[in-house]
Amino acid sequence: MTADHDLGAALAGTVQSARVARGLTVAALAEASGVSRAMISRVERAEAQPTAALLGRLSAALGMTLSELVARAEGDTRRLARRAEQPVWTDGETGYVRRAVSPPASASLELVEVELPPGAEVAYPAEAYRFADQQIWVLDGALRFVEGGTVHELGAGDCLQLGPPADCTFVNASGAPCRYLVVLDKLAGPRRAR
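Residues numbered from 1 in each chain as written. Predicted model: local features only at pLDDT ≥ 70, side-chain atom pairs only at ≥ 80, totals over all residues. Heavy atoms only, no water.

Caption draft 1: How the structure looks around the overall build of the protein chain. Within the protein chain one finds five helices and ten strands. Computed over its C-alpha atoms, the radius of gyration of the protein chain comes to 16 Å, within 12% of the 16 Å expected for a compact globule of 194 residues. Taken over the C-alpha atoms alone, the protein chain extends approximately 40 × 40 × 30 Å along its principal axes. Taken across its 194 residues, the protein chain has 44% of its residues classed as buried. (Helix = DSSP H or I, 4+ residues; strand = E, 2+ residues; numbered from the N terminus. Rg over C-alpha atoms; globule rule 2.2 N^0.38 Å. Buried < 20%, exposed > 50% of the residue type's maximum accessible area, 1.4 Å probe, protein only.)

Caption draft 2: A look at the side chain of glutamate 110. Tracing the backbone through its elements, the reader meets glutamate 110 in strand 3 (residues 109-116). Here glutamate 110 falls in the buried class, since its relative accessible area comes to 5%. Ignoring anything within four residues of it in the chain, the contact list for glutamate 110 reads Thr65, Ser67, Glu68, Ser102, Val182, Val183, Leu184 and Lys186. (Contact = heavy atoms within 4.5 Å.)

Caption draft 3: The arrangement of the pairing of strand 10 (residues 178-185) in detail. As judged from the eight bridges shared by strand 3 and strand 10, these two strands associate in the antiparallel manner. Across the sheet, the residue bridging to valine 112 is valine 182, located in strand 10. Note that strand 5 (residues 133-140) and strand 10 share seven bridges and pair antiparallel. Looking at the pairing, glutamine 134 lines up with leucine 184 of strand 10. (Pairing = 2+ DSSP bridges.)

Caption draft 4: Representation of the nonpolar core within the structure. Formed by 45 residues in total, the largest nonpolar core has its most connected members in Tyr96, Tyr124, Leu143, Phe145, Phe170 and Tyr180. If you tally residues by element for this core, the top one is helix 4 (residues 52-61), at five residues. The residues touching tyrosine 180, leaving out its near neighbours within four places in the chain, are Tyr96, Val112, Glu113, Val114, Leu116, Ile136, Trp137, Val138, Leu139, Leu143 and Phe170. (Core = buried A, V, L, I, M, F, W, Y, C linked by side-chain atoms within 4.5 Å.)

Caption draft 5: Layout of the sheet that holds strand 1 (residues 88-90). Spatial strand order, 1-2-3-10-5-8: six strands in an open sheet with antiparallel pairing. Strands with a single pairing partner mark the edges of an open sheet, and in this sheet they are strand 1 and strand 8 (159-161). Averaged over all pairs of adjacent strands, the angle between strand axes in this sheet comes to 20°, irrespective of strand direction. Sheet topology note: the strand 2 (residues 97-100)/strand 3 ladder contains four bridges and is antiparallel. (Axes fitted to C-alpha atoms, helices over the stretch in contact; angles between N-to-C directions.)

Caption draft 6: Expanded view of helix 4. In terms of residue burial, helix 4 counts as a mostly covered element, since eight of its ten residues are buried. Buried within helix 4 are the following residues: Ala52, Ala53, Leu54, Leu55, Gly56, Leu58, Ser59 and Ala60. Directly beyond the C-terminal end of helix 4, a positive phi value near 80° is found at glycine 63.

Read these as layout, nothing more, since geometry by itself doesn't imply function.
As structure tokens, then:
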């Protein structure tokens, strides 16, 4: 069994328990997230490998960041996160690779390393950005970040502070992988949409 398969099964249980803990039916979560009831049921039974965008919509509707969802699935409370032990998840549809860099016990700050393959595009709804103040720091390559109606062309070393929540898309329009770090400050509290 692969680490991605193990995490997928753990995510299934975590999505279901978070939904039940919030008193949501599958139909209510579907309405709040824009994800079909059938897909939510498949995710909760670990019959579908959810994409990054789908997990982003579900986590936002459940009132948590994608990183929180993954951390809960891991069930880990360590304060040290060695690279070899950091949870890595791969989106089977886009090839997007997400590494949770922060120790699982971190309550307010999250560091997430992402590798976006050439030609890949991952979109998240505005709701995914309302729970934390976020910055994107490009480590290698080039990233086009579409924030609402604004397009940001970022290169290695560039750091962008996100504005108020808006629908966003990460795009690697280049022929080489792009690596970037997402920094989330959850203590910043809920943010208002544009």
